[in-house]
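Survey of secondary and tertiary structure
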Amino acid sequence: MFSEWWTHLWLNEGFASWIEYLCVDHCFPEYDIWTQFVSADYTRALDLDALDNSHPIEVDVGHPSEVDEIFDAISYSKGASVIRMLHNYIGDEDFRKGMNAYLLKFQHKNASTGELTPSQGASGNNNCCLGNTGFNQMLKISQKKFCASGPRNDENCPNWMVPISICTSEDPSCTKLEVLLDQPETTVNITNVAPDHWLKINPGTVGFYRIQYSSAMLESLLPGIRDLTLLPVDRLGLQNDLFSLARAGMISTVEVLKVMEAFVNEPNYTVWSDLSCNLGVLSSLLSHTDFHEDIQEFIRDLFTPIGMKLGWDSKTGEGHLDALLRGLVLGKLGKAGHKATLEEARRRFKEHVEGKQILPADLRSPVYLTVLKHGDSTTLDTMLKLHKQADMQEEKNRIERVLGAIPAPDIIQRVLNFALSEEVRPQDTVSVIGGVAGSSKQGRKAAWKFVKDNWEELHNRYQGGFLISRLIKLTVDGFAIDKMAAEVKSFFESHHAPAAERTVQQCCENILLNAAWLKRDADAIHQYLLQRKAPPV
């Protein structure tokens, strides 16, 4: 069976993306793969879907040349997330029967979205606003389209049929109530729930929507984060929703930072990975201020307990996720300038270079990142020598991804020049340039200038594929000044990149969103970070 036309691409790719997780979960339930799905696909799709320059799952494609731009997180990750939500709502047995009938009917034929299920073409995700009206556990639930630029009072905004599920602290893994929200708002009654029990909406983070809790409900969920009674996937989803709501201006970023501090006992790699990614976005935003070091101190405080617990060396009985978590945490601490981590990274790096004690593969990225972030031209020379001597491409790629961490502007230029040298495979150049752009404010400016100066060569290399879109996104997405959006737009108006038109629009939108976020919340964030450092009265 094949899709009728490129318009229905998501049928193939969304389903394939979903089924791969389903199979892994069936074979290896101990992997907790759905938590990884939420981090890798679900939240990525929600972020892209909230942009004005996004697109529906199903897009009219007039010509095959338009196809490249819909091979993105909407077709793959949102498609998979919507199918996951439908599977959960319909139930496994009925979903299997429906899919079996569909595949039998259209075997050796072409099929379209409408023949699988109607009304999956709408773009946009919901924001469910919830308020606890008292100890009788009555909930008022409302729905609005969620936009990254903030709430819209659009009378023409459609109402979705939203599967809402609710669990309580009595049994966080068991759904206590299910309701289909098919109107702007409704009130539901949760029975037999103690006044001191918390309520969690969307257990399992299956429904494809953001959730905005009332202050009281959010406060009641914090103990569930600290004592880990909330499931990992729900701790991740809660934090990610709050971060997106803050970026959209619907809550203060300070509220998110306060919730992040509740993750002090967090043991789960995927939860830390998502939290780390969001803190990286915030750190990049605050690199445009004069209090960037304050957010580094926040990161050090947050990650130090788990770093102390994990240590540097693997322990008997650890799984692959523990090794991943150790690398993530040490890299985060090292990049943020944690003194003990920096000293140990330098010691181990020296022994590695001298051949006395070779670094385990799991520790190489965080060690390389740390010594480069706080290194000089000699450090870069040593790293480039390791790159040249490496006989495995995996090691070369590992080094290439972190070279951009080097801080000095003149050394940054050496890294950018290296990216276009014969030492780097053409398909890996984008990672080197992106690493420079993501490392610092100076790196971002240098990478953007480098891309403009070398545009003809870069465009000739990548014009027909996804790498040109990736290059543009990695280079400019972190800017947070209004005029940069105009500059990026102007450059690509005179330097056409047909395969990346939508990416350019999305990047310009993201730059404006970053600028608005910084103007709105910078002072409050600064005051909060200062208060944390102030001695108790």
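Look a little higher up for the structure.
What this report covers is the structure whose coordinates are included nearby. Only a predicted model underlies this, so the values are computations on that prediction, with no experimental measurement involved.

Scanning the protein for helices and strands turns up 21 helices and nine strands. The buried share of the protein, taken over its 537 residues, is 52%. Here the contacts in the protein between residues at least 6 apart in sequence split such that 71% fall between residues at least 24 apart. Accessible surface, the protein as shown: approximately 24,700 Å² in total, 52% of it carbon and sulfur.

Once that is clear, we can look at the side chain of histidine 338. Structurally, histidine 338 is set in the loop between α10 (320-335) and α11 (339-354). When neighbours within four sequence positions are excluded, histidine 338 is seen to be in contact with Arg300, Thr304 and Leu333.

Attention now moves to empty space enclosed by the protein. A water-sized probe, rolled over the atoms, reveals where empty space remains. By the definition in use, this model includes two cavities of 30 Å³ or more. The space that makes up the largest cavity amounts to roughly 50 Å³. Tyr42, Lys200, Ile201, Asn202, Thr205, Tyr209, Ile211, Tyr213, Gly237, Leu238 and Asp241 together form the lining of the largest cavity. Elements with a minimum of two residues in the lining of the largest cavity: β8 (199-201), β9 (209-213) and α6 (232-247).

Here the focus is the pattern of salt bridges. Following the criterion strictly, the structure yields 29 salt bridges and no others. The salt bridge partner of arginine 348 is glutamate 344, with a shortest N-O separation of 2.7 Å. You can see arginine 348 and its partner glutamate 344 sitting in helix α11, four residues apart, about one turn around the helix. With relative accessibility at 18%, the residue glutamate 344 sits in the buried group.

For asparagine 202, which is not glycine, the phi dihedral falls at a positive 65°. Mapped onto the fold, asparagine 202 is located in the loop between β8 and β9. Even without being a glycine, leucine 228 presents a positive backbone phi close to 65°. Among the secondary structure elements, leucine 228 is positioned in the loop between α5 (215-226) and α6. Exposure remark for leucine 228: the relative accessible area of 30% places this residue in the partly exposed category.

A separate point is the sheet that holds strand β6 (residues 177-181). The strand order across the open sheet built from three strands is β6-β5-β8, with neighbouring strands paired in antiparallel fashion. Two strands in the sheet have a free side with no partner beyond their single neighbour: β6 and β8. With strand direction ignored, the average angle separating the axes of adjacent strands in the sheet is 25°. Where strand β5 (residues 162-168) meets β6, five bridges bridge the pair, whose relative direction is antiparallel. Of the residues in β6, the one forming a bridge with isoleucine 166 is leucine 177.

As a packed pair, helix α8 (residues 269-286) and helix α9 (residues 292-310) sit with axes 9 Å apart at the nearest point and diverge in direction by 165°. Classified by the angle their axes make, α8 and α9 are roughly antiparallel. Considering how the two elements wind past one another, α8 and α9 form a crossing that is left-handed. Between α8 and α9, the contacting residues are Trp272, Leu275, Ser276, Leu279, Leu282, Ser283 and Leu286 on the first element and His292, Ile295, Gln296, Phe298, Ile299, Leu302, Phe303 and Ile306 on the second. Across the contact of α8 with α9, the residue classes break down as 11 nonpolar, four polar and no charged.

Below, the discussion takes up the packing of helix α18 (residues 455-462) against helix α19 (residues 466-476). Packed helix pairs are characterised by how far apart their axes lie and by the angle those axes make with each other. It is the contact of α18 with α19, at a shortest axis distance of 7 Å, that shows an interaxial angle of 140°. On the basis of the axis angle, α18 is oblique to α19. Facing α18, whose interface residues are Trp455, Leu458, His459 and Tyr462, α19 presents Leu467, Ile468, Leu471 and Ile472.

Right, let's talk about the pairing of β5 for a bit. Among the seven residues of β5, seven are classified as buried, and the element is accordingly described as predominantly covered. Residues Val162, Ile164, Ile166 and Thr168 of β5 are buried on one face, and the alternating residues Pro163, Ser165 and Cys167, pointing to the opposite face, are buried as well. Looking at chain direction, β5 and β8 are connected through three bridges and run antiparallel. Each bridged residue has a counterpart across the sheet, and for threonine 168 the counterpart in β8 is leucine 199.

On to the packing of aromatic side chains. According to the stated counting rule, one finds 15 aromatic pairs in the structure shown. Centroid distance tryptophan 18 to phenylalanine 95: 5.4 Å. Interplanar angle 65°. Geometry classified as edge-to-face. With tryptophan 18 in helix α1 (residues 9-27) and phenylalanine 95 in helix α4 (residues 92-105), the pair connects residues that are 77 residues apart, well separated along the chain. The exposure classification of tryptophan 18 matches that of phenylalanine 95, with both residues buried. Between tyrosine 21 and phenylalanine 37 the ring centres are 4.9 Å apart and the planes differ by 80°, which places this aromatic pair in the edge-to-face class. Taken as a pair, tyrosine 21 in helix α1 and phenylalanine 37 in helix α2 (residues 33-49) lie far apart in primary sequence, 16 residues in all. Of the residues examined, tyrosine 21 reaches a relative accessible area of 11% and is grouped as buried. Note on phenylalanine 37: relative accessible area 0%, which makes it buried.

Moving on: the nonpolar core. Membership of the largest hydrophobic core comes to 91 residues, with the highest contact counts inside it found for Leu139, Met260, Leu282, Phe298 and Phe303. Excluding anything up to four places from it in sequence, phenylalanine 298 contacts Leu257, Met260, Glu261, Leu279, Tyr528, Leu529 and Arg532.

The subject of this paragraph is the environment of threonine 341. Mapping threonine 341 onto the fold places it in helix α11. Here the alpha-carbon distance between threonine 341 and glycine 311, two residues 30 residues apart in the chain, equals 9.8 Å. Apart from the residues lying within four places of it in its own chain, the contact partners of threonine 341 are Trp312, Leu330, Leu333 and Gly334.

Glancing now at helix α3 (residues 74-90). Taking 1.5 Å per residue as the helical rise, α3 with its 17 residues ought to reach 24 Å, and the 22 Å between its terminal C-alpha atoms agrees with that figure. Most of α3 is tucked away, with 12 of its 17 residues classed as buried. Regarding α3, the residues found buried are Ile74, Ser75, Ser77, Lys78, Gly79, Ala80, Ser81, Val82, Ile83, Arg84, Met85 and His87.

Assignment of secondary structure puts serine 81 in helix α3. Reaching out from serine 81, the side chain makes a polar contact with the backbone oxygen of serine 77 at a distance of 2.8 Å. Residue contacts for serine 81: discarding those within four places in its chain leaves Phe37, Tyr42, Val206 and Phe208.

What counts as what
All chains use their own residue numbering, which begins from 1 and follows the written sequence. Local features in a predicted model are, by the rule used here, given only for residues with pLDDT of at least 70; side-chain atom pairs are given and counted only at 80 or more, and totals for whole chains, interfaces and linings are based on all residues. Side-chain measures here rest on the full set of heavy atoms in the structure, leaving out hydrogens and waters. What counts as a helix is a DSSP run of H or I of at least four residues, what counts as a strand is a run of E of at least two, and both are numbered from the N terminus. Partly exposed describes any residue whose relative accessible area lies between the buried limit of under 20% and the exposed limit of over 50%, with all areas from a 1.4 Å probe on protein chains only and scaled to the type maximum. When checking whether two residues touch, look at their non-hydrogen atoms; a contact exists if any pair is within 4.5 Å. We get accessible surface area from the Shrake-Rupley algorithm with a probe of 1.4 Å; when it comes to residues, only the shown protein chains can shield them. Only protein atoms enter the calculation, which uses a 1 Å grid: trapped sets of points that fit a 1.4 Å probe without letting it out are cavities, open sets showing protein on both sides within 12 Å along at least five of seven lines are pockets, and any residue with an atom within 4 Å of a point is a lining residue. Grid points are joined across faces, edges and corners, and a volume is the space filled by probe spheres set on the points. Here a salt bridge means any side-chain nitrogen of Lys or Arg lying within 4 Å of a carboxyl oxygen belonging to Asp or Glu. Pairing between strands is defined by DSSP: at least two bridges between the two strands are required. Here an axis means a line fitted to C-alpha atoms, over the contact stretch when the element is a helix, while the angle between two N-to-C directions is reported on a 0 to 180 degree scale. Roughly parallel covers angles under 35 degrees, roughly antiparallel covers those over 145, roughly perpendicular covers 65 to 115, and oblique covers all other angles. We call a crossing left-handed when the near helix sits turned anticlockwise from the far one by less than a right angle, and right-handed when that turn is clockwise. Any residue outside Ala, Val, Leu, Ile, Met, Phe, Trp, Tyr, Cys, Pro, Asp, Glu, Lys and Arg is labelled polar, Gly included; the first ten of those are nonpolar and the last four are charged. Each aromatic pair joins two rings of Phe, Tyr and Trp (for Trp, the six-membered one) with centres within 6.5 Å, and gets the label stacked for planes under 30 degrees apart, edge-to-face for over 60, and tilted for any other angle. Within this scheme, the nonpolar core is defined by two criteria: the residues are buried Ala, Val, Leu, Ile, Met, Phe, Trp, Tyr or Cys, and they are joined through side-chain atoms within 4.5 Å. For a helix, the expected span equals 1.5 Å multiplied by the number of residues minus one. Pairs of N or O atoms within 3.5 Å make up the polar contacts considered here, provided that, within protein, one atom can donate a hydrogen while the other can accept it, and that residues adjacent in sequence are counted only when both atoms are side-chain atoms.

In short, geometric facts, not functional conclusions.
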